[in-house]
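# Fold and geometry: a report
Listed below, chain by chain, are the residues.
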Amino acid sequence: MTSDTSRATHTPFRLLVTGGGTGGHTYPALTAIRALRDRLAGEGRGLDVLWIGTVEGLEARVAPAEGIPFTTVATGKIRRSSSPLKMLGPANVKDMARVPLGVAQARSKISEFKPDVVLATGGYVAVPAGLAARLCRRPLVLHEQTVRLGLANRKLAGSATRIALSSESSLALLPEAVRATAVVTGNPVRPEVLTGNADKAVAALGLTGFDRRLPTVYVTGGAQGAQQINDMVRDALGWLLERANVMHQCGPANVEGLRGAAANLPAHLAGRYYLTGFVGPELPDVLALADVVVSRSGAGTLAELTALGKPAVFVPLASSAGNEQAHNARHLEEAGAAVALVGEVSADRLRDALGPLLTDPARQAAMAQAAREHGRPDAAERLVDVLLDAARSAG
């Protein structure tokens, strides 16, 4: 006769994931799934996953590509406003009315799937599924990527078994009633990001004109680029190339314009400028080569750069939900781990921010160390610990 322990060992662990919309909510969940699968495989146990997301969100492409069963529920996007009247506008009221239907649909899916634990990573789809987890009495683990709890996680905090935070400073921002459920795990970072090789980037990208005696700056505005960052770099390019090599990921639509702006550079400076629309699998090597990064300040970017210990100049996206990118950037600036360019930006401000980092190796090293102290390269493993502990406690 098989013992209960033996059955538990050979029965696949069942994880329900909910969250998405953007990469900031989607990729931490995916990284946690991979880490959990690896942990369980080492114990001779399988993993069954079901992802509840939205049709139009990034997770609708990412989950099936990973071989993860994917389903959707009715939900509504709540449009933020400081005005209570605007919060109760027709669009929000209509979407709020969809949440009970989504909860009912999610409750049915959870009852059928019978997860050992539910992981919610934010985004408005997490609300109905998270509420349904409580109704089904399944343990709910929230993961928050930003310094301040996002809207979905604030709504679910009272229903959570555990709240996994990315930053120590988030603890004080939690409602007192839920602080006992919180644990700081960090924000999961893809393992491959941590294993880059600078020499591989030089060889693969043909950076023969780079002067390796100079620092290298990596500029990125995300997959589509960022006009604000591109314009700053264009206007400061000559000054910048006198002091550094520059790898500039500008977005596919912006390559020709920036190539034209760089056309009149002296040959020795032009050789230090690598312009590309998109950086793909070579990203870990590019980050390994970079001494300083100029970028937006989304949660995923912060997690990667601090795990790697990279000094950064952040240009927050002003339209980010809840102004979270500005909060992220200021948080690291206060810790001495970055410079935050908030508000109106210009080539002059970029020069003021980068100048000391490019000409003072001691300052660059101090900022790198401060960034490293905020990094949590083992965040995925820590989050797996929380998931397994929540499931055991419920069992």
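Because the structure is predicted, anything quoted here is derived from the model rather than measured.

## Notes on the overall build of the chain
For the chain, the count of helices and strands is 18 helices and 13 strands. On C-alpha atoms alone, the chain measures out to a radius of gyration of 22 Å, which is about the 21 Å that the 2.2 N^0.38 rule sets for 395 residues. Its C-alpha atoms give the chain principal-axis dimensions of roughly 75 × 55 × 35 Å. For the chain, the residues scored as buried account for 52% of the 395 residues in total. Taking all contacts inside the chain whose residues are at least 6 apart in sequence as the whole, residues at least 24 apart take part in 69%. Here the chain has roughly 17800 Å² of accessible surface; of this, 52% comes from carbon and sulfur atoms. Positive and negative charge centroids in the chain, built from 42 and 36 side chains respectively, lie 7 Å apart.

## Comments concerning the pattern of salt bridges
Within the structure shown, the criterion is met by 15 salt bridges. A salt bridge links E381 to R39; the nearest nitrogen and oxygen atoms lie 2.8 Å apart. Pair noted here: E381 is in helix α18 (residues 379–394) and R39 is in helix α2 (residues 23–42), with a separation of 342 residues, a long-range link. Residue R39 is classed as partly exposed on the basis of its relative accessible area of 24%. The residue R259 makes a salt bridge to E256 at a minimum N-O spacing of 2.9 Å. In this pair, R259 and E256 both sit in helix α11 (residues 255–261), three residues apart, roughly one turn of the helix. With relative accessibility at 43%, the residue R259 sits in the partly exposed group. For E256, a relative accessible area of 57% puts it in the exposed group. Where salt bridges share partners, they join R34, R37 and E66 into one cluster.

## Overview of the environment of R138
With respect to the helices and strands, the residue R138 is situated in the loop between α7 (126–135) and β5 (140–144). Setting aside chain neighbours within four positions, we find R138 in contact with I110, P115, D116, V118 and A133.

## Remarks on the pairing of strand β8 (residues 216–220)
The element β8 is extensively covered by neighbouring structure, given that five of its five residues are classed as buried. Residues T216, Y218 and T220 of β8 are buried on one face, and the alternating residues V217 and V219, pointing to the opposite face, are buried as well. In the sheet, β8 pairs with strand β9 (residues 245–249) via five bridges, with the strands oriented parallel. Bridge pairing links Y218 to M247 in β9. Of the crossover connections in this fold, the one passing from β8 over helix α10 (residues 227–243) to the parallel β9 is right-handed. Pairing geometry for β8 and strand β11 (residues 292–295), over three bridges, is parallel. Within β11, the position partnered with V217 by the bridge is V292.

## Points about the nonpolar core
By size, the foremost hydrophobic cluster in this structure holds 34 residues, and its most contacted members are Y273, V294, V313, L341, L350 and L354. Mapped by element, the contributors of at least two residues to this core are β8, α10, α11, β10 (273–276), β11 and α16 (347–359). Beyond its immediate sequence surroundings of up to four residues, L350 is in contact with M232, V233, A236, V294, V313 and L341. Core analysis: the next-biggest nonpolar cluster, separate from the first, contains 31 residues, V73, V103, A126 and A182 among them.

## Let's talk about the sheet that holds β8
Read across the open sheet, the six strands follow the order β10-β9-β8-β11-β12-β13; overall the sheet is parallel. Strands at the two margins of the open sheet, each flanked by one partner only, are β10 and β13 (338–340). Shown here is a sheet whose adjacent strand axes are inclined to one another by a mean of 15 degrees, direction ignored. Sheet strands in contact with α16 are β8, β11, β12 (312–314) and β13, and its direction is about 165 degrees off that of β11.

## Here's the deal with the sheet that holds strand β2 (residues 47–53)
Within the open sheet, the seven strands sit side by side as β3-β2-β1-β4-β5-β6-β7. Their pairing is parallel. Only two strands of the sheet have a single partner each, and these edge strands are β3 (70–72) and β7 (182–184). Taking the axes of each pair of neighbouring strands and ignoring which way they run, one obtains an average angle of 25 degrees across the sheet. Judged from the four bridges that link them, strand β1 (residues 13–18) and strand β4 (residues 117–120) form a sheet pairing that is parallel. Looking at β4, one finds that V17 is bridged to L119. Strand contacts of α18: β1, β4, β5, β6 (162–165) and β7, with the helix running at about 160 degrees to β5, the strand carrying the most contacts.

## A look at the packing of aromatic side chains
The relative placement of two aromatic rings is captured by the distance of their centres and the angle of their planes. Under the definition given, this model contains zero aromatic pairs. Over the aromatic face of F113 sits the side chain of R14, whose NZ or CZ is 4.2 Å from the ring centroid.

## Details of the packing of α16 against helix α17 (residues 361–374)
Helix-helix packing: each pair is described by the crossing angle between the helix axes and the interaxial distance. Where α16 contacts α17, the two axes come as close as 5 Å, and the packing angle between them is 105 degrees. Regarding the angle of α16 to α17, the classification is roughly perpendicular. Here P356, L357 and T359 of α16 lie close against α17, whose contacting residues are P361, R363, Q364 and M367. In terms of residue class, the contact of α16 with α17 is made up of four nonpolar, two polar and one charged.

Rules of the game
Residues numbered from 1 in each chain as written. Predicted model: local features only at pLDDT ≥ 70, side-chain atom pairs only at ≥ 80, totals over all residues. Heavy atoms only, no water. Helix = DSSP H or I, 4+ residues; strand = E, 2+ residues; numbered from the N terminus. Rg over C-alpha atoms; globule rule 2.2 N^0.38 Å. Buried < 20%, exposed > 50% of the residue type's maximum accessible area, 1.4 Å probe, protein only. Contact = heavy atoms within 4.5 Å. Areas by Shrake-Rupley, 256 points an atom, 1.4 Å probe, with all protein chains shown as cover. Lys, Arg positive; Asp, Glu negative; His and termini not counted. Charge placed at Lys NZ, Arg CZ, Asp CG, Glu CD. Salt bridge = Lys/Arg side-chain N within 4 Å of Asp/Glu carboxyl O. Pairing = 2+ DSSP bridges. Right-handed = clockwise from strand over helix to strand, strands pointing away. Core = buried A, V, L, I, M, F, W, Y, C linked by side-chain atoms within 4.5 Å. Axes fitted to C-alpha atoms, helices over the stretch in contact; angles between N-to-C directions. Phe/Tyr/Trp six-rings, centres within 6.5 Å; stacked < 30°, edge-to-face > 60°. Lys NZ or Arg CZ within 6 Å of the ring centre and 35° of its normal. Parallel < 35°, antiparallel > 145°, perpendicular 65-115°, else oblique. Nonpolar A, V, L, I, M, F, W, Y, C, P; charged D, E, K, R; others polar.

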